[in-house]
Amino acid sequence: MPEGDTVYALARRLDTALRDRVLIRGELRVPAHATEDLAGHRVLGHVTHGKHLLTRLSGGLTLHTHMRMAGSWTVSGSGRWLPSTVMPDVRVVLRTDRPAAYGVRLPVVDLLRTRDEAEVIGHLGPDPLRADWDLAEAIRRVAADPDRPLVAALLDQRCVAGFGNLWANELCFLRGHSPWTAVGAVDVSALLDLGARALRHSATVPGAMQVTTGRRRKSEQHWVSGRAGRPCFRCGTTIHVVDEVPNDPERRRTWWCPTCQPGPHPPSPRSRTDSKRQGSV
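From a predicted model like this one, the values you see are computed outputs, not experimental measurements.

Parameters at a glance
Residues numbered from 1 in each chain as written. Predicted model: local features only at pLDDT ≥ 70, side-chain atom pairs only at ≥ 80, totals over all residues. Heavy atoms only, no water. UniProt positions renumbered as here; feature names shortened; annotations may be inferred. Helix = DSSP H or I, 4+ residues; strand = E, 2+ residues; numbered from the N terminus. Axes fitted to C-alpha atoms, helices over the stretch in contact; angles between N-to-C directions. Parallel < 35°, antiparallel > 145°, perpendicular 65-115°, else oblique. Left-handed = near helix turned anticlockwise from the far one by under 90°. Contact = heavy atoms within 4.5 Å. Nonpolar A, V, L, I, M, F, W, Y, C, P; charged D, E, K, R; others polar. Phe/Tyr/Trp six-rings, centres within 6.5 Å; stacked < 30°, edge-to-face > 60°.

*Asks:* Any chance you could explain the UniProt feature "domain: Formamidopyrimidine-DNA glycosylase catalytic" (unreviewed entry) in the protein here in plain terms?
*Replies:* Mapped onto this structure's residue numbering, the UniProt feature "domain: Formamidopyrimidine-DNA glycosylase catalytic" (unreviewed entry) falls at residues 2–103. Annotation note: span residues 2–103, helix share 15%, strand share 37%, distance between end C-alpha atoms 14 Å.

Below, the structure is given as structure tokens:
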């Protein structure tokens, strides 16, 4: 699933292509909005909150989308249509007289009044990538349940918006905590300050997207995420992973180094080190 930094970078790319341009064709290919025609609206800009993308249009309208696991966006500099094999999966068409953008397999497509944006993002916690980032409020929300496992609190978008599975795992490693350490045993302020700086660096520095080790080789970009069965870059201990629990948002696939991250063990004996069986985040 895309995380806050990838959605933020996407918004900047869409802004470059579409901002201040008038749509000559605007279609929402979902049942709830199939009859809407956005042609004639000007694209005012793109705003993100966590993993949510808000495309603001003239006339007081906002297109709200979320990619979740399968969605994506494609930008065409010349305004060409996508290949015919892809078009059946397109859910959003935003064409101007030159560039165009297509939302593919988007599971969430809403059209609402801009004044009503809080209806779809009002539940979210502070976002480190927004100008209104509030570290104190983020600390308050994360620390509200001191017995909660740290990785679960980091994944909860109501606490902090933007950290996904990759960042939750990498931040636990960088701070030296077992992912199942109780929030009350953690310096939440230091953790979230690091997380905010890391997310901003990832989103805004060319070539830094989700590179947590400082190494840009594909197999060396992360400390623990996606590295089950491989040696820890710091101590050489084999990285472990525990599988996600279906339909449980607090039990995503979790990677950790047992030596660099001492503390509680996973709540089930399903951890393993076989990198051949692991999937992508």
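*Asks:* I keep staring at the packing of helix 3 (residues 135–143) against helix 6 (residues 188–204) and nothing clicks. Help me out?
*Replies:* How two helices pack is summed up by the angle between their axes together with the distance between the axes. Across the interface, helix 3 lies against helix 6 with an axial gap of 10 Å and an inter-helix angle of 125 degrees. For the element pair helix 3 / helix 6, the angle class is oblique. As for how helix 3 packs across helix 6, the hand of that crossing is right-handed. Mapping the contact onto sequence places Leu135, Ala138, Ile139 and Val142 in helix 3 and Val188, Ser189, Leu192 and Asp193 in helix 6. Classifying every residue of the contact of helix 3 with helix 6 gives 6 nonpolar, 1 polar and 1 charged.

*Asks:* Just to check I follow, could you spell out the packing of aromatic side chains for this structure?
*Replies:* Enumeration according to the criterion identifies 4 aromatic pairs in this entry. Look at Trp81 and Tyr102: their rings are 5.9 Å apart centre to centre, the planes differ by 40 degrees, and that puts the pair in the tilted class. Linking Trp81 in the loop between strand 5 (72–76) and strand 6 (90–95) with Tyr102 in strand 7 (residues 100–104), this pair joins segments that are 21 residues apart in sequence. Each member of the aromatic cluster is reached from another via a ring pair, and the members are Phe173, Trp223 and Phe233.

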